[in-house]
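# Fold and geometry: a report
What follows is each chain in one-letter form.
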Amino acid sequence: LMSTHKAIVFSFLDRYASLGLGIVSSMIIARILTPAEIGTFSVTMVLLAFLSTVRDFGAGEYLVQEKDLTKQRIQAVWAVQLGLGLFLALIVLVAAYPVASFYNEPKMADIMLVIAVNYAINPFGSLTYAYLIREMRFDSIALIRFSGTLVGALVSLALAWQGYGPISLALGMLTSTLVSAATSIYFRPKSFPWLPGLAEVGRVLSFGGKLTSTSLMNAFGSNTPELVLGKLQDMVSVGFYSRSSGLVAMFSHLITSPIMSVAMSWFAKQRREQGDFSESFLKATSYITALGWSFCCALILLAHPITRVLYGPQWDASVEVTRILAVGYIFAAPVALSSVALIAAGEATKVFKATAMSTAVTVALAAAGASFGLSILAWAMTGTAVVSALIWIRTVQAVVKFQWRDLLSVMSRSAVVSAFSVLGPLVVFIYLGAEPQNSFVALVLGGVGCAVGFLVGVIVFRHPLKEELVPLWVRFRSRLKPS
């Protein structure tokens with residue numbers, strides 16, 4: 001098995017490489033496609049997100065946490081993934097034209113037809129992907145993901161440039177899935193059977209049922225704002241909201257996703273071997289809060305130059321929404337690993353209950369806020385983040401059994417680091433204004449100031465992240481020395 005530190009490094013490299021490609025491609029796409037076209041694609045993908053949550057019915061997570069992984073259980077996982085992939089493809093094919101008619105947008109049908117093929121192909125990479133996570137082989141995962149992301153981005157850009165509109169994004173996704181599935185076959189263990197089996201399917205479905213119900217509720221709650229906007233307002237409003245939420249979610253791609261990828265196998269491994277992972281949970285939470293709060297505070301102050309540089313002036317209407325949603329994520333960061341920790345502990349029922357409560361709050365506030373415009377909707381989602389954080393933190397503490405004083409200690413140190421990191425962006429905000437004339441200069445100055453302040457805070461106040469950064473610096477310096 002790969003060491004935890006090495007796994008984290010490869011996971012970050014994977015996400016950062018994919019994120020870099022994503023940023024570059026989205027910068028270009030935002031200047032080619034209109035807000036209405038991006039809104040059309042966003043609403044389609046939001047609708048399909050409900051199906052994406054059940055595409056393997058928790059079979060991948062089952063494979064990761066199963067203590068005794070037999071051939072029959074591997075066959076059962078493969079049977080569930082393959083069967084659901086084909087079934088979901090059929091559902092999308094049947095629903096394509098009725099959905100397009102409901103929204104009075106013919107382009108949605110074409111997008112859904114392409115995504116249907118995507119669902120049918122996806123299972124051929126899912127089994128290997130879950131196995132690699134179980135074995136903490138994040139170097140192989142990085143290669144699979146990056147190759148798919150690179151080719152998919154190039155296809156999307158080429159087609160958008162040729163004037164294909166929003167379907168170019170769907171075709172890019174399909175290409176990415178094809179490449180990832182083909183690459184996964186190379187890493188698939190020779191001992192893994194190609195023939196599905198039904199003997200242990202009940203065991204897989206029993207575990208995955210609760211997780212899938214949870215995922216459905218999560219998808220419903222997180223996607224309600226765009227669904228409501230698409231029906232009550234217009235696709236332009238959806239485009240602006242989608243751009244803002246996507247910019248805030250960039251932190252998820254930067255920090256949360258790579259840590260969560262490792263945390264799932266990390267927590268599960270410690271539970272199998274030691275029966276307790278509270279210390280690891282607090283350490284991982286300290287990473288996410290320090291990085292997440294620093295990112296969100298900088299985003300609040302630099303939202304205008306960031307939006308201008310990445311997407312252009314046609315997206316200025318999303319700046320205020322971005323700032324408000326970033327405030328909401330400050331409350332969400334401390335509980336970002338809650339569901340992963342509960343799943344690793346085998347507490348799928350508690351995940352379901354906590355998700356049900358937070359989703360009910362999300363749907364109610366989103367439905368109320370969307371009627372009053374984008375800004376009110378964004379504040380409603382911030383309120384949701386506060387309530388959800390309270391629900392999740394109480395739930396996870398009852399299972400992981402960490403001490404509240406230890407969590408407060410972790411959060412206070414992260415808050416101090418964040419305070420140092422925000423000094424640079426704050427100076428830029430005060431002297432150059434909320435809407436600086438030279439967005440690029442403001443972004444560079446604010447970004448460099450944020451990074452320097454963050455590093456100073458981590459080192460001076462001995463934040464747990466120092467344990468990760470110092471060895472990397474030492475290794476980097478050693479490689480610069482002449483042999």
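First things first, this report covers the structure right here in the doc. All of these numbers come straight from a predicted model, not from anything done at the bench.

Conventions adopted
All residue numbers refer to positions counted from 1 along the written sequence of the respective chain. Given that this is a predicted model, residues contribute local features only at a pLDDT of at least 70 and side-chain atom pairs are listed and counted only at 80 or more, while totals for whole chains, interfaces and linings are drawn from all residues. Only hydrogens and water are removed before side-chain values are computed, so all heavy atoms of the structure are retained for them. Strands are runs of DSSP state E lasting at least two residues, helices are runs of H or I lasting at least four, and both sets are numbered from the N terminus onward. Relative accessible area decides the class of each residue, using a 1.4 Å probe on protein chains only: under 20% of the type maximum gives buried, over 50% gives exposed, and in between gives partly exposed. Between two residues, a contact is recorded if the distance between any of their heavy atoms is within 4.5 Å. The Shrake-Rupley method, run with a 1.4 Å probe sphere, supplies the accessible areas, and residue values consider only the shown protein chains as cover. For our purposes a nonpolar core is just a set of buried Ala, Val, Leu, Ile, Met, Phe, Trp, Tyr and Cys residues, chained together by side-chain atoms within 4.5 Å. Only the stretch in contact is used when fitting a helix axis, every axis being a line fitted to C-alpha atoms; angles between N-to-C directions are given from 0 to 180 degrees. In these notes the angle categories are as follows: under 35 degrees is roughly parallel, over 145 is roughly antiparallel, 65 to 115 is roughly perpendicular, and the rest is oblique. Side-chain classes are defined by residue name, with Ala, Val, Leu, Ile, Met, Phe, Trp, Tyr, Cys and Pro counting as nonpolar, Asp, Glu, Lys and Arg as charged, and the others, Gly among them, as polar. Defined by distance alone, a disulfide is two cysteine sulfur atoms within 2.5 Å. Should the near helix be turned counterclockwise from the far one by less than a right angle, the crossing is left-handed, whereas a clockwise turn marks it as right-handed. Aromatic rings from Phe, Tyr and Trp, taking only the six-membered ring of Trp, are treated as a pair when their centres fall within 6.5 Å; an angle between ring planes under 30 degrees marks them as stacked, one over 60 as edge-to-face, and anything in between as tilted. Over a ring means this: the NZ of a Lys or the CZ of an Arg is within 6 Å of the ring centre and within 35 degrees of the ring normal. Residue count minus one, scaled by 1.5 Å, sets the expected span of a helix. What makes a salt bridge here is a side-chain nitrogen of Lys or Arg within 4 Å of a carboxyl oxygen of Asp or Glu, nothing more.

Attention now moves to the overall build of the protein chain. Helix and strand counts for the protein chain come out as 20 helices and zero strands. Looking at the protein chain as a whole, 55% of its 483 residues qualify as buried. Within the protein chain, contacts between residues at least 6 apart in sequence are counted, and of these 83% link residues at least 24 apart. Carbon and sulfur atoms provide 66% of the accessible area of the protein chain, an area that totals close to 21100 Å².

Once that is clear, we can look at the environment of S176. Examined against the element boundaries, S176 turns out to sit in helix α8 (residues 167-187). Separated by 29 residues in the primary sequence, S176 and S147 have C-alpha atoms spaced 7.8 Å apart. In this structure S176 touches G148, T149 and G152, once residues within four positions along its chain are discounted.

Further remarks concern the nonpolar core. Judged by nonpolar contacts, the single largest core of 121 residues is most densely connected at Y119, Y241, F267, F281, V396 and F402. Element by element, the count of residues in this core is highest for helix α4 (residues 71-102), at 14 residues. With near-sequence residues (within four places) excluded, F281 lies in contact with F267, L337, S338, A341, V396, V400 and F402. The next biggest cluster of nonpolar side chains, apart from the first, holds seven residues, and it includes A290, V417, F454 and V458.

Our focus in this paragraph is the packing of helix α12 (residues 278-311) against helix α13 (residues 319-332). Contact pair α12 / α13: the axes reach a minimum separation of 9 Å and the direction vectors enclose 175 degrees. Classified by the interaxial angle, the pair formed by α12 and α13 is roughly antiparallel. Counted together, W293, C296, C297, L299, I300, L301, A303, H304 and T307 of α12 and V319, T322, R323, A326, V327, Y329 and I330 of α13 form the full contact between these two elements. Looking at the contact of α12 with α13 residue by residue, the classes come out as twelve nonpolar, three polar and one charged.

What the rule picks out here adds up to zero disulfides. The cysteine C296 is free of any disulfide, with C297 supplying the nearest cysteine sulfur at 7.0 Å. Overall, C296 belongs to the buried group, its relative accessible area being 0%.

Two elements in contact, α12 and helix α18 (residues 423-432), have axes separated by 9 Å at closest approach and are oriented at 20 degrees. With respect to their mutual orientation, α12 and α18 come out roughly parallel. α18 is crossed by α12, and the crossing has left-handed handedness. Here α12 contributes A298, L301 and L302 to the contact with α18, which in turn contributes P425, L426, V428 and F429.

With that settled, consider the packing of aromatic side chains. Here the structure, examined in full by the defined rule, presents nine aromatic pairs. Considering the side-chain rings of F281 and F402, the 5.5 Å spacing of their centres and the 15 degrees angle between planes classify their relative orientation as stacked. Within this pair, whereas F281 is found in helix α12, its partner F402 is found in the loop between α16 (374-400) and α17 (404-421), the two being separated by 121 residues in sequence. Judged by relative accessible area, F402 falls into the buried class, the value being 1%. For the cation-ring pair, R188 lies above W78, with the distance from its terminal atom to the ring centre recorded as 5.2 Å. We note R243 situated over the ring of Y311; from NZ or CZ to the ring centre the distance is 4.2 Å.

Moving on, we come to α13. Between the first and last C-alpha of α13 there are 20 Å, a value that for 14 residues agrees with the 20 Å anticipated at 1.5 Å per step. Those residues of α13 lying buried are V319, V321, T322, I324, L325, A326, G328 and Y329.

Take the pattern of salt bridges next. Taken as a whole, this structure holds two salt bridges when the rule is applied. Put simply, K107 and E37 hold a salt bridge, and the shortest N to O gap is 4.0 Å. Of the two residues, K107 sits in helix α5 (residues 107-121) while E37 sits in helix α2 (residues 35-52), which places them 70 residues apart along the sequence. With a relative accessible area of 39%, K107 lands in the partly exposed category. The partner of R308 in a salt bridge is D316, with the nearest N and O atoms 2.7 Å apart.

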